[in-house]
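# Analysis of the macromolecular model
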2 protein chains.
Amino acid sequence: MKRPRIYNNPENCPVLHTAHILGSKWNPVILYCLMNGNVRFGKFTVLIPTISRKVLSEQLKELEHHGLIIRKVYREKPPRVEYSLSPKGLSIIPVIDAMCAWGRGDMENPASLSVYPKQEISDH
Amino acid sequence: MKRPRIYNNPENCPVLHTAHILGSKWNPVILYCLMNGNVRFGKFTVLIPTISRKVLSEQLKELEHHGLIIRKVYREKPPRVEYSLSPKGLSIIPVIDAMCAWGRGDMENPASLSVYPKQEISDH
DNA sequence: CGGGATCCATTTGGATACTG
DNA sequence: CAGTATCCAAATGGATCCCG
């Protein structure tokens, strides 16, 4: 059976739509962190040590902007900010789970080691 | 139940791993195109009119490099090149399907219309 | 603590022209 | 047809300093 070729129009392509909202490569892992519960800004920098504070801040704003996460400020001293998944963010968990499952399998699969073949297919 | 915090180490984080292999926002939709069968280079530019030939070429090479797609050259005239999913590419279909399903739901859901609240984007 | 503002190097990506 | 090569503008991302 043939799937509709709605990716003809990026505005109407659900895959492109999701990819756009999931955005950069960091957003899935940020959502992944939040699947365990609320996370503070500083905690992210510990959980994902390879992301800079600037990029983290940008990605968090983007996710909040798209309605996937909720930012809650506690006016204490020192100030505390907690991020959590919104209902919409919760709804995207199956996507993150699918990514997690595939990634786990791929990292364990020895076949992945033969991933870099000689791309010499032509005789040129 | 607490999930292991393996995202402490990006090398061992399956979500980050998948995000890295899925790469740019174009790769999921490229794989999506291939779920219907083989696709030629020029066909991609029709299916995804908003991607440039240069970027398309780069993404295809990246996907082939990661072993998700297979590039087959038919020495005819005019030359013909067909891309298809490898077994590894086939194995990632559930991820694409999850993205597709969520994206379809999100595009239909009126709640998505209230996605852009107060927050002003000052940067660009 | 949780950022924002700024500076700057690197990367990305579009446009165009060219090739086998 | 299926790309590659080149140029160049724009976006990205790290480092650093500052602030409430």
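Higher on the page you've got the structure.
The model shown is predicted, which means the values in this text are computed figures rather than measured ones.

## Description of the protein's contact with DNA strand C
In the vicinity of DNA strand C there are 15 residues, among which S57, R71 and Y83 of chain A together with S52 and K54 of chain B approach most closely. Put simply, 62% of the atoms of DNA strand C that lie within 4 Å of the protein are in sugar or phosphate. At 2.7 Å, a side-chain N or O of S57 of chain A approaches a phosphate oxygen of DNA strand C. One of the side-chain N or O atoms of K54 of chain B is found 2.7 Å from a base oxygen in DNA strand C. Among the elements of the structure, α3 (41-47), α4 (53-65) and β3 (80-85) of chain A together with α4 (53-65) of chain B are those that each provide at least two residues to the surface near DNA strand C. Here the surface near DNA strand C gets three residues from one element, more than from any other, and that element is α4 of chain A. Taken together, the residues of the surface near DNA strand C break down into seven nonpolar, three polar and five charged.

## Considering the packing of helix α6 (residues 93-108) of chain A against helix α6 (residues 93-108) of chain B
Taken N-terminus to C-terminus, the directions of α6 of chain A and α6 of chain B make an angle of 175 degrees; their axes are 9 Å apart at the nearest point. When the axis of α6 of chain A is compared with that of α6 of chain B, the two are roughly antiparallel. Seen from α6 of chain A, the contacting residues are P94, V95, A98, M99 and W102 of chain A; seen from α6 of chain B, they are P94, V95, A98, M99 and W102 of chain B. Tallied by class, residues from the contact of α6 of chain A with α6 of chain B come to 10 nonpolar, no polar and no charged.

## Thoughts on the pattern of salt bridges
Residue and element names in this part refer to chain A. This model, assessed by the stated rule, comprises six salt bridges over all chains. The partner of E82 in a salt bridge is R80, and the shortest N-O contact between them spans 3.0 Å. Exposure class is identical for E82 and R80. Each is buried. In the salt-bridge network here, residues are joined through shared partners; they are E76, R80 and E82.

## Side note on α4 of chain A
All names here are of chain A. Taking 1.5 Å of rise per residue, the 13 residues of α4 would be expected to cover 18 Å, and the 18 Å separating its terminal C-alpha atoms lies within 8% of that figure. Regarding α4, the residues found buried are L56, Q59, L60, L63, E64 and H65. In the core, the buried residues of α4 are packed alongside α1 (14-22), α2 (26-34), α3, β2 (69-74) and β3. A positive backbone phi angle near 80 degrees is found at G67, which sits one or two residues after α4.

Definitions and limits used
- Residues numbered from 1 in each chain as written.
- Chains lettered and ligands numbered in written order.
- Predicted model: local features only at pLDDT ≥ 70, side-chain atom pairs only at ≥ 80, totals over all residues.
- Heavy atoms only, no water.
- Near = heavy atom within 4 Å.
- Polar contact = N/O pair within 3.5 Å; in protein donor to acceptor, adjacent residues only side chain to side chain.
- Helix = DSSP H or I, 4+ residues; strand = E, 2+ residues; numbered from the N terminus.
- Nonpolar A, V, L, I, M, F, W, Y, C, P; charged D, E, K, R; others polar.
- Axes fitted to C-alpha atoms, helices over the stretch in contact; angles between N-to-C directions.
- Parallel < 35°, antiparallel > 145°, perpendicular 65-115°, else oblique.
- Contact = heavy atoms within 4.5 Å.
- Salt bridge = Lys/Arg side-chain N within 4 Å of Asp/Glu carboxyl O.
- Buried < 20%, exposed > 50% of the residue type's maximum accessible area, 1.4 Å probe, protein only.
- Expected span 1.5 Å × (residues − 1).

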